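# Observations on the model geometry
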Amino acid sequence: MKLYTFEAAPNPRRLGLLLKHKGINIDTQAVDLMKKEQFSDSFCAINPRSTLPTLVLDDGTVLTDTIAICMYIDSQYPDKPLFGRNELERAQVIGRCHQIFFEGFTAVAEVLRNKGDAFKDRPLPGPLKMPQLPELIERGNLRIGAFYEAMNDEVAERDFLVGNDLSQADIDLYVTLGFCGWVKRQIPDTCPALQNWFTNMKARFGE
Ligand SMILES: N[C@@H](CCC(=O)N[C@@H](CS)C(=O)NCC(=O)O)C(=O)O
């Protein structure tokens, strides 16, 4: 198995925290997104979508979506499971991960990638060239606000999003809240439960 990643980026971080939690070391090669190495011929030959993380299995199969990679590794290293302890919890974890990605993660990306030269012609990850749409920044910020409120309700009365233990859903929420900082958003004081949850999660990961 070989992992291509760039630790600082948020999708790679979702996987990185899974690996850290489980204490797994995988043969890893860094692909520097700051240097746009994801568009190099050598990496495009591995993953034409030019995104990270990318996992290549020993039989040559390539996985290019974070959730799929996390699920696969979790199944191969079943200690400290992060996708639930039964089928229902598994479905709930995947549901929450999908919600967090769609409602939170893509909202931040909308704000981040629709302005500035760093993402000029690249408002979406990958090789597709498109114009930035600055109108989406305001909407993205509104979506982030709604996401904070929704997640505050979720963690108001429990420590973990699913069941009684840490899951990938918690990791994804933690990473997404950190990603909000990239667009200068902080968890507002109207969401004290979420602030508290984030502080606890930060301590758990020693960050
Ligand atoms: N579908 C992929 C998307 C992953 C993704 O967007 N990764 C970002 C880093 S956080 C990336 O590789 N961006 C490359 C780019 O912006 O060109 C997934 O869910 O893992």
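All figures in this text were calculated on a predicted structure; none of them were measured in a lab. (Residues numbered from 1 in each chain as written. Predicted model: local features only at pLDDT ≥ 70, side-chain atom pairs only at ≥ 80, totals over all residues. Heavy atoms only, no water.)

### Some points on the domain arrangement of the protein
If you check the domain split of the protein, you get domain 1 (2-76) and domain 2 (87-204). Domain 1 and domain 2 are separated by 20 Å when their C-alpha centres are compared. Contact with domain 1, which involves 19 residues of that partner, is made by 19 residues of domain 2. A salt bridge links Asp 172 to Arg 14, with the shortest nitrogen-to-oxygen separation between them at 3.0 Å. At the surface where domain 1 touches domain 2, the tally comes to two residue pairs in polar contact (both at pLDDT 80 or more). For the side of domain 1 that touches domain 2, the secondary structure elements donating two or more residues are α1 (10-22) and α3 (66-76). (Domains from an automatic or database assignment. Contact = heavy atoms within 4.5 Å. Salt bridge = Lys/Arg side-chain N within 4 Å of Asp/Glu carboxyl O. Polar contact = N/O pair within 3.5 Å; in protein donor to acceptor, adjacent residues only side chain to side chain. Helix = DSSP H or I, 4+ residues; strand = E, 2+ residues; numbered from the N terminus.)

### Brief notes about the packing of α1 against α3
Helix-helix packing: each pair is described by the crossing angle between the helix axes and the interaxial distance. In the contact formed by α1 and α3, the axes pass within 9 Å of each other and the chain directions differ by 10 degrees. On the basis of the axis angle, α1 is roughly parallel to α3. For the pair α1 and α3, the sense of crossing is right-handed. From α1, Asn 11, Arg 14, Leu 15, Leu 18, Leu 19 and Lys 22 reach across to α3, where they touch Thr 66, Ile 67, Ile 69, Cys 70, Ile 73 and Asp 74. Of the residues contributing to the contact of α1 with α3, the split by class is seven nonpolar, two polar and three charged. (Axes fitted to C-alpha atoms, helices over the stretch in contact; angles between N-to-C directions. Parallel < 35°, antiparallel > 145°, perpendicular 65-115°, else oblique. Left-handed = near helix turned anticlockwise from the far one by under 90°. Nonpolar A, V, L, I, M, F, W, Y, C, P; charged D, E, K, R; others polar.)

### A closer look at the side chain of Asp 32
Positionally, Asp 32 belongs in the loop between β2 (27-30) and α2 (41-46). Residues in contact with Asp 32, not counting those within four places in the same chain, are Phe 6, Glu 37 and Gln 38.

### Quick notes on the packing of aromatic side chains
Following the criterion strictly, the structure yields six aromatic pairs and no others. Measuring from ring centre to ring centre gives 5.7 Å for Tyr 4 and Phe 43, while their planes differ by 55 degrees; the resulting arrangement is tilted. Residue Tyr 4 is found in strand β1 (residues 2-5), and its partner Phe 43 is found in helix α2; the two are separated by 39 residues along the sequence. Side by side, Tyr 4 and Phe 43 carry an identical accessibility label, which is buried. Following the ring pairs from residue to residue traces out a cluster consisting of Phe 101, Phe 105, Phe 179 and Trp 182. A cation over an aromatic ring shows up here: Arg 143 above the ring of Phe 102, its NZ or CZ 5.8 Å from the ring centre. (Phe/Tyr/Trp six-rings, centres within 6.5 Å; stacked < 30°, edge-to-face > 60°. Buried < 20%, exposed > 50% of the residue type's maximum accessible area, 1.4 Å probe, protein only. Lys NZ or Arg CZ within 6 Å of the ring centre and 35° of its normal.)

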